[in-house]
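Geometric and topological summary
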Amino acid sequence: MTDRSYISFDKRIVIFAGAYGSGKTEVAVNYAIQLAQHSEDPISIIDLDIVNPYFRSREAALEMETYGIRPINPLGEQTFADLPIIVPQIRASIESSSGRVIIDVGGDDLGARVLSSMHDALETAQYEFLMVLNANRPFTSTVDGALKMMHDIETSARLNFTGIVSNTHLIGETTPQTILDGIALAQAVAVRAEIPLVFASGMDEVIAKLENKNISTPLFSLSRRMLKPWEHASSTAKNH
Amino acid sequence: MTRILMKGNEAIAEAAIRAGGVHYFAYPITPQSEVGEYLAKRLPEVGGVFVQAESEVAVGNMLFGAASTGKRVFTSSSSPGVSLMQEAISYMAGAQLPVVIINIMRGGPGLGGILPAQSDYFQSTKGGGHGDYRLLVLAPASVQEAVDLTMLGFHLADKYRNPVLVIGDGMIGQMMEPVEFPDKYDEPALPAKDWAITGAKGRKPLITKSLFLDPYALEQNNIVIHAKYEQMKANEIRFELYKVSAKNRMLIVSYGTMARICQTVIDDLEREGVSIGLLRPISLWPFPEMQIRTEAAKPNIERVLTVEMSMGQMVEDVDKAVQGKKPVDFFGRTGGIVPAPEEVRERILKLLDGKMAK
């Protein structure tokens, strides 16, 4: 990861939401780690995924602690539960006046509903609420589909998006063109939604191939943290 | 159609629709609930029906009734839910009804946990319900294979008039991979469903049942369904070989995502000069018994290792296949723990101890 891809936000709280499987967790975890390398502030990452039973950011909790990031998620046996558990530290970190907070929200409007319970706390806080968009997912492959998803999430969360993250990918089959196609869709969605496209993310090795292209959207490099058991950290996804 | 990124559960749901399975009965349970969530959105678009039952017991009986009409019907669940359906599954096997059942397995016994497991092998292949019956059991190892086997499952259920079970560990349901769907599901012609209950106007009434009080009639029904099981053994054994060669010192038998972990280990060990081959059963019943026997008997094979996310279930069938000709070892983790490549590698090297290539 290079400084080139560092994206900074003035807001203390950055919330990643979006459709199921848009890659929110991968983006949130990578973002938290990059922030930790560029900021002196204490950083917390909140796993607010109450709809997904596997591949949640809590699985990367130990790794994040090595970067000095505080993971906030259900503890003990509840780590492995598929229950809507909201630990008290979540509200405390939102209401706090200091420290950076990254929130990884569960997928779709169902996953975002939990945010509405923090509405009063968030209302007075400084936050970015980012829609993570993967154009290769069934319900967000068109501008209208993406806008409907955004509207459903906003209604459910009782928060309005402040920006879009283009995270279009096909895991190990992602090409530079995949990312460019995703940016094109995200730009069209951003125009219709009247909010900015804040960055486009992709795996290190694919983003590197876009370096010399004249792309107006800031690029954000990811290294895969949420691996399948048969994948080595060093390699990209092997397809069966 | 282009490649899209789907979670296994969603892909299975879409595959069922593509195969004409638009009558779905289910009750939610982790880690397969996305099948129902997806179908709740999609089935109304294709004129299908999703009935959420009050329990999996009811699901089983709804399947029995709906399958009797000759329509393509299916359900999905996870281990404890599938246990509740066993009575109806036995009834459907006895009544020769085609139905597809998806089991995205979680750790047991009992309520267990919600993480991946392969501990329903016995239940799936040995008859979880009562009576002399078999299910055709298919086990995918990737999201694409889950799509392909789900569609094939509908075909085979109709072909044999028998329930088909597609089983995947929780990882199959929860992980995302790129997939594609055929625009049209091409399948060989099937016999007319002259047994389907469609209204008796102009013909004699039909009865779908598994009750035969006359012992000769019941025995005859068993003979008929067992003749089909023999046909399945002749026609429906599916498996895949990975890096099987005359250099192999060991044969691994493993299925589902566990087999993919074994492939990673095999690739790693190959670089270190240790040659291992893998036989991955795709049909768990009928079981590739002869194929395992043939591979295990080759003179270069020192040992056979079965790797499962269970305390050791399929290993009994591997042991039976090998017929004592080679030592059969087992490695497994359970409770939802997915063995890491490193642990599998360590076990292999320990078993080949002292005879290492390097």
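Residues numbered from 1 in each chain as written. Chains lettered and ligands numbered in written order. Predicted model: local features only at pLDDT ≥ 70, side-chain atom pairs only at ≥ 80, totals over all residues. Heavy atoms only, no water.

Section: the packing of helix 11 (residues 289-297) of chain B against helix 12 (residues 314-322) of chain B
All names here are of chain B. Definition in use: Lines fitted to C-alpha atoms define the axes here, with helix axes fitted over just the stretch in contact, and angles between the N-to-C directions of these axes take values from 0 to 180 degrees. Only runs of H or I of at least four residues qualify as helices and only runs of E of at least two qualify as strands under DSSP, and these elements are numbered from the N terminus. Orientation labels follow simple angle bins: below 35 degrees gives roughly parallel, above 145 gives roughly antiparallel, 65 to 115 gives roughly perpendicular, and whatever is left gives oblique. Crossing handedness is defined as follows: a turn of the near helix away from the far one that is anticlockwise and smaller than a right angle gives a left-handed crossing, while the clockwise case is right-handed. Should any heavy atoms of two residues lie within 4.5 Å, those residues are counted as being in contact.
Relative orientation of the contacting elements helix 11 and helix 12 amounts to 60°, with a least axis distance of 8 Å. When the axes of helix 11 and helix 12 are compared, the pair comes out oblique. By crossing handedness, the relation of helix 11 to helix 12 is classed as right-handed. For the pair helix 11 and helix 12, contact is made by Glu289, Ile292, Arg293 and Ala296 and by Val318, Lys320, Ala321 and Val322, respectively.

Points about the sheet that holds strand 2 (residues 43-48) of chain A
All names here are of chain A. Let me state the cut-off plainly: Think of it this way: DSSP has to see at least two bridges between two strands before they count as a pair.
With parallel pairing, the 8 strands of this open sheet are ordered in space as 3-2-4-1-5-6-7-8. Looking at the sheet topology across the chains shown, the edges are occupied by strand 3 (69-72) and strand 8 (219-222). Each adjacent strand pair in this sheet contributes to an overall mean axis angle of 25°, direction not counted. Two elements, strand 6 (residues 163-166) and strand 7 (residues 197-203), share 3 bridges in a ladder whose sense is parallel. Residue pairing across strands places valine 165 opposite phenylalanine 199, the latter belonging to strand 7. Set on the sheet, helix 3 (residues 88-95) makes contact with strand 1 (13-18), strand 2, strand 3 and strand 4 (100-105); between it and strand 3 the angle comes to about 130°. The strands touched by helix 6 (residues 143-157) are strand 1, strand 5 (127-133) and strand 6; relative to strand 5, the strand with the most contacts, the crossing angle is about 145°.

Let's talk about unusual backbone geometry
Excluding glycine, a negative phi dihedral is what most residues carry, and trans is how most peptide bonds are arranged. Rules: Only protein chains enter the accessibility calculation, which uses a 1.4 Å probe. A residue is then buried if its area is under 20% of the maximum for its type, exposed if over 50%, and partly exposed in between.
Across the junction of B:Gly108 and B:Pro109, the peptide omega takes the value 0°, indicating a cis bond. When you line up the elements, B:Pro109 lands in the loop between strand 5 (99-105) and helix 6 (121-125). Along the chain, B:Trp285 connects to B:Pro286 via a cis peptide bond; the corresponding omega equals 0°. Residue placement: B:Pro286 occurs in the loop between strand 12 (283-285) and helix 11. Phi at A:Asp108 is positive, roughly 65°, even though this residue is not glycine. Of note, A:Asp108 is situated in helix 4 (residues 108-116). With relative accessibility at 7%, the residue A:Asp108 sits in the buried group.

Re the layout of surface pockets
Where empty space is left becomes clear once a probe the size of a water molecule has been rolled over the atoms. This is how it is decided: Note on definitions: the grid is 1 Å and covers protein atoms alone; a cavity is a set of points where a 1.4 Å probe fits but cannot get out; a pocket is an open set with protein on both sides within 12 Å along at least five of seven lines; lining residues have an atom within 4 Å of a point. Grid points are joined across faces, edges and corners, and a volume is the space filled by probe spheres set on the points. Three categories are distinguished: nonpolar for Ala, Val, Leu, Ile, Met, Phe, Trp, Tyr, Cys and Pro, charged for Asp, Glu, Lys and Arg, and polar for the others, with Gly belonging to the last. Just so you know, the domain bounds were taken from an automatic or database domain assignment.
The computed volume of the largest pocket comes to approximately 1000 Å³. Along its surface, the largest pocket is lined by 38 residues, and A:Arg58, A:Glu59, A:Ala60, A:Phe80 and A:Leu227 are the ones closest to its centre. Only helix 2 (61-66) of chain A together with helix 13 (341-351) of chain B provide two or more residues apiece to the lining of the largest pocket. No other element matches helix 2 of chain A, which puts 4 residues into the lining of the largest pocket. Tallied by class, the residues present in the lining of the largest pocket amount to 22 nonpolar, 5 polar and 11 charged. Counting only domains with at least three residues in the lining of the largest pocket, you end up with domain 1 (4-235) and domain 2 (240-351) of chain B.

Points about the pattern of salt bridges
Residues and elements named next belong to chain B. Rules: For this document, the term salt bridge refers to a Lys or Arg side-chain nitrogen within 4 Å of an Asp or Glu carboxyl oxygen.
Tallied over the entire structure, the rule returns 38 salt bridges over all chains. Between glutamate 240 and arginine 280 there is a salt bridge; the shortest N-O distance is 3.4 Å. You can see glutamate 240 sitting in strand 9 (residues 239-242) and its partner arginine 280 sitting in strand 11 (residues 276-281), a full 40 residues away along the chain. Classification of glutamate 240 as partly exposed rests on a relative accessible area of 30%. On the accessibility criterion, arginine 280 (1% relative accessible area) is buried. When salt bridges with common partners are traced through the structure, they connect Glu14, Arg18, Arg42 and Glu45 into a single cluster.

Side note on the pairing of strand 1 of chain A
All names here are of chain A. Taken across its 6 residues, strand 1 has 6 buried, putting it largely inside the fold. Residues of strand 1 alternate between two faces, with Ile13, Ile15 and Ala17 on one and Val14, Phe16 and Gly18 on the opposite face, all of them buried. Across 6 bridges, strand 1 lies against strand 5 in parallel orientation. Residue pairing across strands places valine 14 opposite glutamate 128, the latter belonging to strand 5. Bridging between strand 1 and strand 4 involves 4 bridges; their strand directions are parallel. If you follow phenylalanine 16 over to strand 4, its bridge partner there is aspartate 104.

A word on the domain arrangement of chain B
You'll often see interface size given as the accessible area lost when the parts meet. Residue and element names in this part refer to chain B. Condition: Summed over both partners, buried area is the accessible surface (1.4 Å probe) that two parts give up on being assembled.
Entries for chain B in the domain assignment read domain 1 (4-235) and domain 2 (240-351). Summarising the inter-unit geometry, the C-alpha centres of domain 1 and domain 2 are found 28 Å apart. Residue-level contacts link 31 residues of domain 1 with 24 residues of domain 2. Interface area for domain 1 against domain 2, summed over the two sides, is near 2300 Å², with a carbon-plus-sulfur share of 57%. The largest share of the area that domain 1 buries against domain 2 comes from Gln118, Tyr121 and Phe122, three residues that together contribute 31% of it. Its salt-bridge partner being aspartate 317, residue lysine 126 comes within 2.7 Å of it at the nearest N-O pair.

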